[in-house]
Amino acid sequence: DQPRFGKNYRACATITSVVCHPARGAAPHAIRNVQRLIGATFVITQLRMLEEFHRVFGAHLEAAPTAAISDETIALRVSLIQEELNEYRAAAEARDLVAVADALSDLMYVVLGTYVSHGLQDVAEALFTEVHRSNMSKLDEHSQVIYREDGKVLKSQLWRPPNLAPILGEDAVSG
């Protein structure tokens, strides 16, 4: 039950460099498909690592999607995310790349741990894909981006919210 990302990554990297190398005339869609496979393997492996961490260290772990976790677990997850976010801000403002990488990796670790705490590990990829689809619908009718003054991308009238309930199935009921 140990993560096997290293082996999968090497296999996918070999496929990408040998079979799908642009210089060899591979179609761009083939390259994107392999890159998606590598990315999917990476995220799934990370979630399995977090499941392992939660099991070994006795952190809250759910096997199926749920919003019904304890107030203590919610408070801990929020606190951990905020702590890592604060570390990122300090590192970014100091222009310290090593500290930025550490803070972002820790933040990702804690956020993925929160997925595991809510039992979302098996639907994480589908959830992310649907949120990405929704975010890409923010372009306006001329395929232009609408920005707020601070650079945040705003929703156009064409934006459609993510439809996450079907991915979660019966577990989508709020409690």
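Residues numbered from 1 in each chain as written. Predicted model: local features only at pLDDT ≥ 70, side-chain atom pairs only at ≥ 80, totals over all residues. Heavy atoms only, no water.

Participant: Please clarify how helix α3 (residues 71–93) should be interpreted in this entry.
Facilitator: Counting along an α-helix, one turn takes 3.6 residues, and residues three or four places apart therefore face a common direction. In a regular helix each residue adds 1.5 Å, so 23 residues correspond to 33 Å; α3 covers 33 Å between its end C-alpha atoms and thus fits that length. Among the residues of α3, those classed as buried are T73, R77, E84 and A91. One or two residues past the end of α3 sits R95, with phi positive at roughly 55°. (Helix = DSSP H or I, 4+ residues; strand = E, 2+ residues; numbered from the N terminus. Expected span 1.5 Å × (residues − 1). Buried < 20%, exposed > 50% of the residue type's maximum accessible area, 1.4 Å probe, protein only.)

Participant: Please explain the packing of aromatic side chains as it appears in this structure.
Facilitator: Think of a pair of aromatic rings as described by two things: how far the centres are apart, and how the planes are tilted against each other in angle. Enumeration according to the criterion identifies two aromatic pairs in this entry. With a centroid separation of 5.6 Å and 85° between ring planes, the pair formed by F53 and Y109 is classed as edge-to-face. In this pair, F53 sits in helix α2 (residues 28–57) while Y109 sits in helix α4 (residues 97–117), placing the two residues 56 residues apart along the sequence. By relative accessible area, which is 34% here, Y109 ends up partly exposed. Against the face of W159 rests K155, its NZ or CZ located 4.2 Å from the ring centre. (Phe/Tyr/Trp six-rings, centres within 6.5 Å; stacked < 30°, edge-to-face > 60°. Lys NZ or Arg CZ within 6 Å of the ring centre and 35° of its normal.)

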